[in-house]
Amino acid sequence: MNFYQTKLTEKRNEALKAVLPILGIVLFLSFTIAPVPPSILLLFLFAALLLVVGMMFFTLGAELSMVPMGERAGTKMAKSMRLEIILFLCFLLGFIITISEPDLQVLAEQVPSIPNQILIIAVASGVGFFLIMAMLRMLFSIRLSTLLIFFYGFIFILVLFVPKDFLAVAFDSGGVTTGPMTVPFIMSLGVGFAAVRSDKNAEEDSFGLVALCSIGPILAVLILGLLYHPEEISYVPAVLPNIQDSVMLWQFFIDSFPKYMSEIAVSLLPIILFFGIFQTVSLRLSRKMLLKILIGLIYTYIGLVLFLTGVNVGFMPAGNYLGEVIASQSFRFILIPIGMIIGFFIVKAEPAVYVLMEQVEEITSGAISGKSMGISLSLGVAASVGLAMFRVLTGISIFWFIVPGYFIAICLSFFVPKIFTAIAFDSGGVASGPMTATFLLPFAMGACQAIGGNIVQDAFGIVAMVAMTPLIAIQILGAVYQMKSQHAKAVETISVSYLDAWSENDIIEL
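Predicted, not measured: the structure shown is a model, and the values here were computed from it.

1. Here's the deal with the side chain of S214
Item 1. Following the sequence through the fold, S214 ends up in the loop between α10 (209-213) and α11 (215-228).
Item 2. When its relative accessible area of 8% is taken as the criterion, S214 is described as buried.
Item 3. Setting aside residues no more than four positions away along its own chain, S214 makes contact with G174, T178 and G429.

See below:
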């Protein structure tokens, strides 16, 4: 038990560092320029407590269960199965995991012109197809940038023909459907596949699965937009809760727990069944290892239930109300710097970000530190939220941000080490998680509502913006890393040449 207590303490400290800055920012705003009703503030404070406990359990649970499950399943599939069976299992896994993703149900409700089941099946099929593409890339060592150029080129051609009401929702869908539970498993599956290869590029190719899986939902929604031709997509904001006393506050959360308990159970089930079949047929892990994975799954379940209940019940109304109040001020352009500050800190509270940073440090043997990657992600998300707030205030189409952004990101991929490109495109899907969907998106919606803008066209798209800028930020980190490495090698070469010019007596005398 000492091991678990030590790890829980470590994860609790990480969670506090992630949540406390957001808590401080919201309290500062609520006591100064954006007064918040006591009921919404109480919901937010209680939700912050749930976030800390939820992140603590989830990050430890993912480390104990999702990572080893994915790595061992990936290694076994790559070693002992025929290619057609591997590809079928990849499609099936991507399909069933995506259908179970709770955020996909929310996405389906945002596009009322398309029947929910059709949208869900189309998006899940897209993820399954691109998980196949990701595995083929890994098995045959295909350059990631080549695939990104081809598929994003196709996407931007489609954009020219799709109704503008679909653009923001389509690009948001890429970030929404890669949730905090599926990302660790899919990433670990890639690490397991790459472990079978012994060439020098195996380490680099272990990343990139999330990057490709994020393309599937975008393509699916755009294609459906071509088929359904809606006149207009509308969105009705949720009614803000009114809590009268502490008993009502507690009851509000208690009533919400069963919903998220069932959603997370349904979402975890496909992964557990997939791994259970592998364990029965071929893995045959030891009882000690299975017990560790079981404990990890319990921690993951508890953590996600607490986390998602907190962000959906407490953070969503707080974000919506703050955005509305700040945008109602005469100095509404203050939304941009405030949004950037929130964006800088909020990415640290995304649960899957810690899993990504730990895997990057492990795979690169510390050459890419989690700290430097975290700072790069924060700067990227800060920039994206600032641009998203600028869109809300001006009504400029997301097209004018997304196309140049991805163009710059893909151009950078030719000048930085391949591993940084793969990590960058993975980090986009990881950074745009539940904190973005339940705090930043309502924040943008509240601001848009206050200034009388089009919520679907102007507020939606913030998830897509958050998913885009890390692609540039992490690759810039890669360019800096490459320059430092080249400089260090040059200095070493000069030093060796300088010493070679000395005689043995000179060196002894020195």
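2. Observations concerning the environment of V353
Item 1. In this fold, V353 is placed in helix α15 (residues 351-363).
Item 2. Under the relative-accessibility criterion, V353 is labelled buried at 4%.
Item 3. Contact partners of V353, with chain neighbours within four places excluded, come to V347, L377, V430 and A431.

3. Some remarks on the nonpolar core
Item 1. Core analysis: the biggest nonpolar cluster contains 177 residues, and I155, F315 and F439 have the highest contact counts within it.
Item 2. At 18 residues, the largest contribution of residues to this core is made by helix α2 (residues 38-80).
Item 3. In this structure, Y4, L8, M56 and L64 belong to the second largest nonpolar core, which totals 7 residues.

4. Remarks on a nonpolar patch on the surface
Item 1. On the surface, a cluster of nonpolar side chains totalling about 350 Å² of accessible area is made up of I118, I223, L227 and Y228.
Item 2. Positionally, Y228 belongs in helix α11.

5. Considerations on the environment of P21
Item 1. The topology assignment puts P21 in helix α1 (residues 2-30).
Item 2. Sequence-distant contacts of P21, that is, excluding residues within four places in its chain, are made with L16 and F345.

6. Observations concerning the packing of aromatic side chains
Item 1. One pass over the structure, following the stated rule, counts 18 aromatic pairs.
Item 2. Seen from their ring centres, F44 and F315 are 4.6 Å apart, and the 35° between their planes marks the pair as tilted. Taken together, the residues F44 in helix α2 and F315 in helix α13 (residues 287-327) connect sequence positions 271 residues apart.
Item 3. Judged by relative accessible area, F315 falls into the buried class, the value being 1%.
Item 4. On the basis of an interplanar angle of 80° and a centroid distance of 5.1 Å, the ring pair of F150 and F151 is categorised as edge-to-face.

7. Structural notes on the side chain of S188
Item 1. Examined against the element boundaries, S188 turns out to sit in helix α8 (residues 182-196).
Item 2. Classification of S188 as buried rests on a relative accessible area of 0%.
Item 3. Setting aside residues up to four positions removed in sequence, S188 forms contacts with M66, V67, G70, E71 and Q359.

8. Side note on the packing of α1 against helix α14 (residues 335-346)
Item 1. Running from amino to carboxyl end, α1 crosses α14 at an angle of 160°, the nearest separation of the two axes being 8 Å. Relative to α14, the element α1 is oriented roughly antiparallel. In the crossing of α1 with α14, the sense of the turn from one axis to the other is left-handed. In this structure, α1 contributes A18, P21, I22, I25 and L29 to the contact, and α14 contributes I338, I341, I342, F345 and I346.

9. Here we look at helix α17 (residues 399-412)
Item 1. Taking 1.5 Å of rise per residue, 14 residues should cover 20 Å, and α17 covers 20 Å from first to last C-alpha, within 8% of that figure.
Item 2. Residues of α17 that are buried: F401, I402, G405, Y406, A409 and I410. Viewed along the axis of α17, the buried residues span an arc of 145°, placing them on a single side of the element. Among the exposed residues of α17, those pointing more than 90 degrees away from its buried face are W400 and F407.

10. Some thoughts on the pattern of salt bridges
When the charged atoms of two side chains lie near each other, side chains of opposite charge can form a pair.
Item 1. If you walk through the whole model with that rule in mind, you get 4 salt bridges.
Item 2. The partner of K7 in a salt bridge is E63, with the nearest N and O atoms 3.0 Å apart. Of this pair, K7 sits in helix α1 while E63 sits in helix α2, and the two are 56 residues apart along the sequence.
Item 3. Among the residues examined, E63 registers a relative accessible area of 27% and is labelled partly exposed.
Item 4. Residues R82 and E84 are paired through a salt bridge, measuring 2.7 Å at the closest nitrogen-oxygen approach.
Item 5. Overall, R82 belongs to the exposed group, its relative accessible area being 54%.
Item 6. A relative accessible area of 45% places E84 in the partly exposed class.
Item 7. Each of K7, E10, K11 and E63 takes part in one network of salt bridges that share partners.

How each quantity is defined
- Residues numbered from 1 in each chain as written.
- Predicted model: local features only at pLDDT ≥ 70, side-chain atom pairs only at ≥ 80, totals over all residues.
- Heavy atoms only, no water.
- Helix = DSSP H or I, 4+ residues; strand = E, 2+ residues; numbered from the N terminus.
- Buried < 20%, exposed > 50% of the residue type's maximum accessible area, 1.4 Å probe, protein only.
- Contact = heavy atoms within 4.5 Å.
- Core = buried A, V, L, I, M, F, W, Y, C linked by side-chain atoms within 4.5 Å.
- Patch = residues over 30% accessible without salt bridge, like charges linked within 9 Å, V, L, I, M, F, W, Y side chains within 5 Å.
- Areas by Shrake-Rupley, 256 points an atom, 1.4 Å probe, with all protein chains shown as cover.
- Salt bridge = Lys/Arg side-chain N within 4 Å of Asp/Glu carboxyl O.
- Phe/Tyr/Trp six-rings, centres within 6.5 Å; stacked < 30°, edge-to-face > 60°.
- Axes fitted to C-alpha atoms, helices over the stretch in contact; angles between N-to-C directions.
- Parallel < 35°, antiparallel > 145°, perpendicular 65-115°, else oblique.
- Left-handed = near helix turned anticlockwise from the far one by under 90°.
- Expected span 1.5 Å × (residues − 1).
- Arc of directions from axis to C-beta.

In short, shape yes, function no, at least from these values alone.
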